[in-house]
Amino acid sequence: LAVLPTSSKTGEFNCRWFSFCYYLLKMPIAMTRILLNSAAEKICNLLFSLTRSEGRMEMVADEVEDSNLRTALTGLAAESSLFAEEITTQLKTHGIALEKPVYNFEDCFGVLDTAPFDRKPGAEILHLCEELEACLTRSYRAVLAEISVPVPLFRELLQLQFNSLKNSLLRIRLINRARFAH
């Protein structure tokens, strides 16, 4: 522990601060559970978003004839699955189990799914990328904004994953545009 706060008048250490620190040291699992309860829903939504995006990308990849685009879509699907597993493993490593998954996926895809898109060649893929990026952005930002996730380097892991997914989506957009540039 760092220096304990002292009372400015008497110079004695603050008993409440000491009690709180002692409680943190004595009951880390209980504290972890309390801290994570506020973030559990957001983490579950992120995991579900990643899992759902994996399924959507695989489904679209099966329909695409262009091998470069199919490879990029399949790669994004695999990456989404890997990232979901990585998050789960990190939480389990630190003794945190998400007890009750709460999926609120309609907040992500429900709104954008019904939005009209251009009927130009490749517009469906671009629409899917925009939809997926909006969903993943909301999910990742919600977890990154949560201050009660007590896992070392968890934010950094999430930020790296998010940046990687955005790069993969950009790659898909570029490959899709190049298909119809001729």
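Residues numbered from 1 in each chain as written. Predicted model: local features only at pLDDT ≥ 70, side-chain atom pairs only at ≥ 80, totals over all residues. Heavy atoms only, no water.

### Some remarks on the overall build of the protein chain
- Tallying secondary structure elements over the protein chain gives 6 helices and 0 strands in all.
- Along its sequence from the N terminus, the protein chain presents helices and strands in the succession α-α-α-α-α-α.
- Across the 182 residues that make up the protein chain, the buried fraction comes to 36%.
- Sequence separation of at least 24 residues holds for 73% of the intrachain contacts in the protein chain that already meet a minimum separation of 6.
- A total accessible area of about 11,300 Å² is found for the protein chain, and carbon and sulfur atoms account for 58% of it. (Helix = DSSP H or I, 4+ residues; strand = E, 2+ residues; numbered from the N terminus. Buried < 20%, exposed > 50% of the residue type's maximum accessible area, 1.4 Å probe, protein only. Contact = heavy atoms within 4.5 Å. Areas by Shrake-Rupley, 256 points an atom, 1.4 Å probe, with all protein chains shown as cover.)

### Overview of helix H3 (residues 67-93)
- A rise of 1.5 Å per residue sets the reference length of H3, with its 27 residues, at 39 Å; its end C-alpha atoms lie 38 Å apart and thus fit the reference within 8%.
- The complete set of buried residues in H3 reads Leu69, Ala72, Leu73, Leu76, Ala77, Glu79, Ser80, Phe83, Ala84, Ile87 and Leu91.
- Of the residues that open H3, the one with a side-chain oxygen 3.3 Å from the backbone nitrogen of Asn68 is Asp66. (Expected span 1.5 Å × (residues − 1). Polar contact = N/O pair within 3.5 Å; in protein donor to acceptor, adjacent residues only side chain to side chain.)

### Some words on the environment of Leu169
- Position of Leu169 among the secondary structure elements: in helix H6 (residues 154-179).
- Accessibility expressed as a relative area gives 1% for Leu169, which makes it buried.
- Taking the C-alpha atoms as reference points, Leu169 and Glu133, 36 residues apart in sequence, are found 7.3 Å from one another.
- In this structure Leu169 touches Leu76, Cys129, Leu132 and Glu133, once residues within four positions along its chain are discounted.

### Looking at the pattern of salt bridges
- Evaluation of the coordinates by the stated rule reveals 3 salt bridges.
- In this structure, Glu131 engages Arg56 in a salt bridge whose closest nitrogen and oxygen atoms are separated by 2.9 Å. Linking Glu131 in helix H5 (residues 123-145) with Arg56 in helix H2 (residues 28-63), this pair joins segments that are 75 residues apart in sequence. Here Glu131 matches Arg56 in class, with each residue buried. (Salt bridge = Lys/Arg side-chain N within 4 Å of Asp/Glu carboxyl O.)

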